[in-house]
Amino acid sequence: MDTSPAMTEDQQSCGQRHKQPVDALQLGPRKRPSAADPLVHYGHHFGRTIHALCNFQALLTNGILRMGELAEIPEENFTAEERREHRVFQELLKSVAGLEERLMQGGDEEVDVVAELLTKGASGARGDDTKSLKGSVLDWITPKGQNLVPPLARNVKIDRGFHHERTGALLCPAGLDWSHSETKAKLQSGEIIVTGDQWPLFLYADYHYDSEDPWNGLFRSTLLAYKHVFTSPSSVDREPKATRSGNARIHGMTRITLPSIAYIATQVRFALTSSPVFSRTDTVTDSERFYTSILDIFEDPDENQEVNDLAVWWNRQIFPSYSTAQHPLVKNSALARIREKRAQMKEALVPDGVDDNA
């Protein structure tokens, strides 16, 4: 997709870091890894919680153009995808102290370095999670006290996907009936091609889809093992604790992000498939379309109520201290007395007859 339709030829010449327009929110080509840097560390978090499949080179280049040569162009002149891209860019600037100054004062080489470091961080985290989930997902889909029949190897995925009864049932698109022999045969043979925007049954709580109420249970499946990535793998089957740990604690997370739910869903879906390597060009898994289709629904204003309810539900699952309610101060507590005394002092300083709200 052309990310800069509003650019003039002169403006495009200012953005020579990528000579052809590139979609920043699609995974770019792999690059040579760089030495350790704080940006690599942030790239880990950014890929998991803000956008998993960024082309950072295009994201930075297009973002700089939007702040400079394209700054006067009205927002409505940009496509929805370009507006999303710029929101992601702004989130990046807000999250990394000093990055905006570094990009605006540095030259093309500095932008290249920053993009490479962020790419290394995001792709490294994605690779670590892919590897970790490959084996763990088998534990979660195996009924307690039973074995998968036939058994599945932890490190080889060739027999997963629609080739296996269990993974096939979980990956079957909601609305199709895996128990129907003809449907199953067509999924296994590839006669029915499943695209990324055909969401699988495993996304639903208890793997149950209600066509009359498609939001019911959506993205609330126990198979979406958020804790495996954001707290610790060993915490998945345990009761939540009052403290944070793992990646969530390292990065100071106190609530989930909606893209992080899409990320977990994408990783679990890939773990269930038979594809051996996560690739943006893999038309079988179609992972990029799957991921972006979830972001689309999360960002749809018409779905605000359901999406907000979902975020609250996940926050309560992952962060036990999270609450949307305002807790009243405990009477006679030290904090309550401090607030009370401060109010009395303020009241005493206001002259009689003077409205302190004026």
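Scoring rules and cut-offs
Residues numbered from 1 in each chain as written. Predicted model: local features only at pLDDT ≥ 70, side-chain atom pairs only at ≥ 80, totals over all residues. Heavy atoms only, no water. Axes fitted to C-alpha atoms, helices over the stretch in contact; angles between N-to-C directions. Helix = DSSP H or I, 4+ residues; strand = E, 2+ residues; numbered from the N terminus. Parallel < 35°, antiparallel > 145°, perpendicular 65-115°, else oblique. Contact = heavy atoms within 4.5 Å. Nonpolar A, V, L, I, M, F, W, Y, C, P; charged D, E, K, R; others polar. Core = buried A, V, L, I, M, F, W, Y, C linked by side-chain atoms within 4.5 Å. Buried < 20%, exposed > 50% of the residue type's maximum accessible area, 1.4 Å probe, protein only. Phe/Tyr/Trp six-rings, centres within 6.5 Å; stacked < 30°, edge-to-face > 60°. Polar contact = N/O pair within 3.5 Å; in protein donor to acceptor, adjacent residues only side chain to side chain. pLDDT = per-residue confidence, 0-100. Left-handed = near helix turned anticlockwise from the far one by under 90°. Salt bridge = Lys/Arg side-chain N within 4 Å of Asp/Glu carboxyl O.

*Asks:* Just to check I follow, could you spell out the packing of helix α3 (residues 56-67) against helix α4 (residues 80-95) for this structure?
*Replies:* Two packed helices can be described by the angle between their axes and the distance between those axes. Contact geometry of α3 with α4 gives a least axis separation of 9 Å together with a crossing angle of 95°. Taken together, α3 and α4 sit at an angle that is classed as roughly perpendicular. Facing α3, whose interface residues are Ala58, Leu59, Leu60, Asn62, Gly63, Ile64, Arg66 and Met67, α4 presents Glu82, Glu85, His86, Val88, Phe89, Leu92 and Leu93. Of the residues assigned to the contact of α3 with α4, the class counts are nine nonpolar, three polar and three charged.

*Asks:* I keep staring at the nonpolar core and nothing clicks. Help me out?
*Replies:* Soluble globular proteins tend to pack their nonpolar side chains together in the buried interior. Formed by 53 residues in total, the largest nonpolar core has its most connected members in Val137, Phe202, Leu203, Phe219, Leu223, Tyr226 and Leu272. Of all the elements in the fold, those that place two or more residues in this core are α6 (108-141), α7 (165-171), α9 (226-230), α11 (258-272), α12 (287-299) and α13 (304-318). Per-element tally for this core: the top contributor is α11, with nine residues. In contact with Phe202, not counting residues within four places along its chain, are Leu170, Leu171, Tyr207, Ser221, Leu223, Leu224, Ala265, Val268, Arg269 and Leu272. Val88, Val111, Ala115 and Ala122 belong to the second-largest nonpolar core, a separate cluster that totals 25 residues.

*Asks:* Any chance you could explain the packing of aromatic side chains here in plain terms?
*Replies:* Remark: the centre distance and the inter-plane angle together describe each pair of aromatic rings, the angle taken between the planes. Scanning all chains against the criterion turns up eleven aromatic pairs. For the pair Tyr42 and Phe46, a centre-to-centre distance of 6.0 Å together with 55° between the ring planes defines the contact as tilted. Note that Tyr42 and Phe46 are positioned in helix α2 (residues 38-49) at a spacing of four residues, about one turn of the helix. A single burial state applies to Tyr42 and to Phe46, both of which are buried. Consider the rings of Trp313 and Trp314, whose centres lie 5.1 Å apart with planes at 90°: the pair is edge-to-face. By relative accessible area, Trp313 is classed as partly exposed at 25%.

*Asks:* Looking at this model, I keep getting lost on the side chain of Thr273. Mind explaining?
*Replies:* Within the element layout of this structure, Thr273 appears in the loop between α11 and α12. Within the local environment of Thr273, its side chain forms a polar contact with the backbone oxygen of Phe270, the two atoms lying 2.7 Å apart. Not counting residues within four places of it along the chain, the set of residues in contact with Thr273 comprises Lys157, Arg160, Gly161, Leu171 and Thr285.

*Asks:* Before we go on, may I ask you to explain the confidence of the model for the protein in this structure?
*Replies:* Low pLDDT means the predicted atomic positions in that stretch should not be read closely. Per-residue confidence for the protein averages 84 on the pLDDT scale, and 80% of its residues sit at or above 70. Element-level mean pLDDT values for the protein span from 40 in helix α1 (residues 9-14) up to 98 in α7. Considering only residues more than four positions removed or in separate chains, one finds that residues 1-20, a stretch of pLDDT under 50, has 35 contacts. In this model residues 239-245 is a low-confidence stretch, pLDDT under 50, and it forms eleven contacts with partners more than four residues away in sequence or in other chains.

*Asks:* Even after reading the chapter, I still don't get the environment of Asp197, so can you show me in this structure?
*Replies:* Residue position: Asp197 is located in the loop between α8 (181-189) and α9. Between the C-alpha atom of Asp197 and that of Glu288, which follows or precedes it by 91 residues, the distance is 9.6 Å. If near-sequence neighbours (up to four positions away) are discounted, Asp197 is found in contact with Arg289 and Ser293.

*Asks:* What's the story with the side chain of Ser293 in this structure? I'm lost.
*Replies:* Topologically, Ser293 is positioned in helix α12. At a separation of 2.9 Å, a polar atom in the side chain of Ser293 contacts the side chain of Trp199. Those residues in contact with Ser293 that sit more than four places away from it in its chain are Gly196, Asp197 and Trp199.

*Asks:* Explain the packing of α6 against α11 here, please?
*Replies:* α11 packs onto α6 with a crossing angle of 65° between their chain directions and a minimal axis gap of 8 Å. Taken as a pair, α6 and α11 cross one another with a handedness that is right-handed. Residues Ala125, Arg126, Asp129, Thr130, Leu133, Val137 and Ile141 of α6 touch α11, and the partners they reach there are Tyr263, Gln267, Val268, Phe270, Ala271 and Leu272. Classifying every residue of the contact of α6 with α11 gives nine nonpolar, two polar and two charged.

*Asks:* What's the story with the pattern of salt bridges in this structure? I'm lost.
*Replies:* Should the charged atoms of two oppositely charged side chains come close, the side chains can pair. Scanning all chains against the criterion turns up twelve salt bridges. Across the salt bridge formed by Glu91 and Lys94, the nearest N and O atoms sit 3.4 Å from each other. Of this pair, Glu91 and Lys94 both sit in helix α4, three residues apart, which is roughly one turn of that helix. Using a relative accessible area of 27% as the deciding quantity, one classes Glu91 as partly exposed. Among the residues examined, Lys94 registers a relative accessible area of 63% and is labelled exposed. Salt-bridge contacts for Glu165 lead to Lys184; the nearest nitrogen and oxygen are separated by 2.9 Å. On the criterion of sequence distance, the pair formed by Glu165 in helix α7 and Lys184 in helix α8 is long-range, its members being 19 residues apart.

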